[in-house]
Amino acid sequence: MSSPTFPNYINGEWVAGPTFENRNPASIDEVVGLFVKGSAADADQAAEAAQAAFSPWSTLPAPARGNYLFKVAEILEREFDQIASEMTREEGKTLPEAKGEVRRAINIFRYYGGEGSRLPGLLVPSERDRVHTFSIRKPIGVVGLITPWNFPIAIPAWKLAPALICGNTVVIKPASPAPLCAWRIVEACHQAGIPKGVVNFVAGSGGELGKALVNAKPLKAILFTGSTDVGHWLHAEASKRMLRIQLEMGGKNPTIVLADADFNSAVENVVNAAFFSTGQKCTATSRAIVEDAIYETFVAALVERTRKLKVGNGLEAGIDIGPAVDEAQLKTDLKYIEIGRKEAGEPRTGGHRLTGGAYDKGYFIEPTIFADVTADMTIAKEEIFGPVLSVMRAKDFEDAMRIANNIPLGLSASVQTTNLSRVFDFVYRAEAGLLTVNLPSAGVEYQLPFGGTKESSFGSKEQGPAALEFYSDYKTIYLKY
Ligand code: NAP
């Protein structure tokens, strides 16, 4: 059977061209789809189309823009099962995880659809007699969106929906290992009747398209979620043109486990945050910092629980962990495991690629735990983005906080404790943008601001009402009557 081809979408037209393959990481012989490999010229054309569409779209009443978003949500809802299974096939996460993510994308479109009836400005009293002062929101223009593969529908949704409701027009460039889910959103925008040029989609090489987008004349802003190195490069390029920019990048997220924690729930939370989605969540726990008094028993419990996890094709029932997204990520995981072996000794569990039978068809790897990791080790400092957990020993809460904060990254952090004072100490002092208490470090909701601090993020927050701050500007009016 020949593989379906997914064209680019520029100015309301489906645009064909040479293609690249999107393969299933659980079964690499299977081509999920062929995607048109867009060029720099395509990115330019897409930006020009978005520029031409800006005026009519931005002057449409915001509730009418909201109605389009509601339609997109409705279409995604109709295709719910298909999109979820496509996500598992292109990215590898398990079907229940994929369903949760599609649900989230639908909710995001509904949430921002409703925002069309609010879009709050400011109304404050003037100091002057008979002067009326207020600020209204206006869109910023053409926005470039560059998204990663690990949340292939939620991240495109949480960038696209607020951009559109504020009245901007967009060019979206999805990650090459998993472009299909973003394509499905764009198809839904097309079916919902969103006018031509408002949403444009160009797949292809990040290097080529990223450079073209950041230099495209019509662009006023660029948003990027991905690796720290690319984010830094993009920031330097965007700054030359004074583009508005928002970056969400890497993490090396800690979970502090104190001796007074609910032990079993802490074990579950760390295992969930470290290994589910194959550790490929930006908010995943990669450092468990455990108080000395329970250290050995906690490590033993973590190992026992982790050995029960079932690794396999995420389409099958009962699977906890799918494959690494591609060969490059698998190699990165294995490279860090070797570094870990040299630094911390043999892992307490895992440490190998899985082989034999169906495992030979995909990029499967054992969930891996290193114990007695210290802060100076590479595996305690660098993001791996795979199912590899470093367990570190802390003398007490203060020591744990010091270890947790002592890195340049600050995306998410978690504490497991039943001590209320410790909870608040953690809340006020943890250097991360997303905190959880007695929950896994990963697992966020769309109604609240999302994003990190320190070198994990740059610019204003995404999601919730905070996204409006990035995607719109205030225009302030002083009116004498
Ligand atoms: P990546 O390699 O940086 O890719 C992210 C996106 O950038 C992809 O669309 C990629 O296209 C594109 N890209 C690559 N080179 C580029 C360039 N020179 N200029 C502009 N765009 C370029 O990251 P990834 O491997 O997809 O994702 C994993 C990383 O994302 C991890 O570091 C993770 O922590 C981070 N992440 C962060 C968050 C957060 O919210 N903080 C959320 C999710 C993921 P190609 O695919 O075509 O190369």
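A short tour of the structure in this document, coming up. Quick caveat: nothing in here was measured; it's all calculated off a predicted structure.

Conventions used here
- Residues numbered from 1 in each chain as written.
- Predicted model: local features only at pLDDT ≥ 70, side-chain atom pairs only at ≥ 80, totals over all residues.
- Heavy atoms only, no water.
- Helix = DSSP H or I, 4+ residues; strand = E, 2+ residues; numbered from the N terminus.
- Buried < 20%, exposed > 50% of the residue type's maximum accessible area, 1.4 Å probe, protein only.
- Contact = heavy atoms within 4.5 Å.
- Pairing = 2+ DSSP bridges.
- Right-handed = clockwise from strand over helix to strand, strands pointing away.
- Core = buried A, V, L, I, M, F, W, Y, C linked by side-chain atoms within 4.5 Å.
- Axes fitted to C-alpha atoms, helices over the stretch in contact; angles between N-to-C directions.
- Parallel < 35°, antiparallel > 145°, perpendicular 65-115°, else oblique.
- Left-handed = near helix turned anticlockwise from the far one by under 90°.
- Nonpolar A, V, L, I, M, F, W, Y, C, P; charged D, E, K, R; others polar.

## Brief notes about the environment of Lys-395
Residue placement: Lys-395 occurs in the loop between strand E16 (388–394) and helix H13 (397–405). Residue class for Lys-395 comes out exposed when judged on its relative accessible area of 65%. Look past the residues within four positions of Lys-395 in its chain and what remains in contact with it is Glu-291 and Asp-292.

## Points about the pairing of strand E12 (residues 244–248)
Taking burial as the measure, the 5 residues of E12 include 4 buried ones, the bulk of the element. The sheet contact formed by strand E11 (residues 219–225) and E12 spans 5 bridges and is parallel. Bridge pairing in E12 places Thr-225 opposite Glu-248. Once the chain exits E11 it traverses helix H8 (residues 228–240) before rejoining the sheet at E12, and the crossover so formed is right-handed. Where E12 meets strand E21 (residues 457–458), 2 bridges bridge the pair, whose relative direction is antiparallel. Its bridge partner lying in E21, Glu-248 is registered against Ser-457.

## Remarks on the sheet that holds strand E1 (residues 5–6)
The pairing of strands in a sheet comes from backbone hydrogen bonds and takes either a parallel or an antiparallel form. Sheet architecture is open: 3 strands sit in the order E1-E5-E4, paired in mixed fashion. Sheet topology places E1 and strand E4 (19–24) at the edges, where each strand pairs with a single neighbour. Pairing of E1 with strand E5 (residues 27–36), which is carried by 2 bridges, proceeds in the parallel orientation. Looking across to E5, one finds that Thr-5 is bridged to Leu-34.

## Points about the nonpolar core
Of all hydrophobic cores here, the largest spans 70 residues; its most connected members are Phe-109, Tyr-112, Leu-164, Ile-194 and Tyr-471. Here the element with the most residues in this core is helix H5 (residues 154–165); it accounts for 9 residues.

## What to know about the packing of helix H9 (residues 263–275) against helix H10 (residues 295–307)
Look at H9 against H10: their axes get within 10 Å of each other, and the N-to-C directions meet at 55°. Here H9 lies oblique to H10, going by the angle between them. Crossing of H9 over H10 shows right-handed handedness. Residues Phe-263, Ala-266, Val-267, Glu-268, Val-270, Val-271 and Phe-275 of H9 touch H10, and the partners they reach there are Thr-297, Phe-298, Ala-301, Leu-302, Arg-305 and Thr-306. Residue composition of the contact of H9 with H10, grouped by class: 9 nonpolar, 2 polar and 2 charged.

## Side note on the sheet that holds strand E19 (residues 434–437)
One open sheet accounts for 6 strands, arranged E15-E16-E14-E13-E18-E19; its pairing is parallel. Each of the sheet's edge strands pairs with one partner strand only, and the pair in question is strand E15 (368–370) and E19. The sheet shows a mean angle of 20° between the axes of neighbouring strands, taken without regard to direction. Across 3 bridges, E15 lies against E16 in parallel orientation. When the bridges of E16 are listed, Ile-369 appears paired with Leu-389. Together, strand E13 (253–257), strand E14 (285–291), E15 and E16 form the strand contacts of H10, whose direction differs from that of E16 by roughly 165°. Lying on the sheet, helix H14 (residues 420–429) is in contact with E13, strand E18 (412–416) and E19; it crosses E19 at an angle near 170°.

The quantities given are spatial measurements derived from coordinates; they are silent on function.
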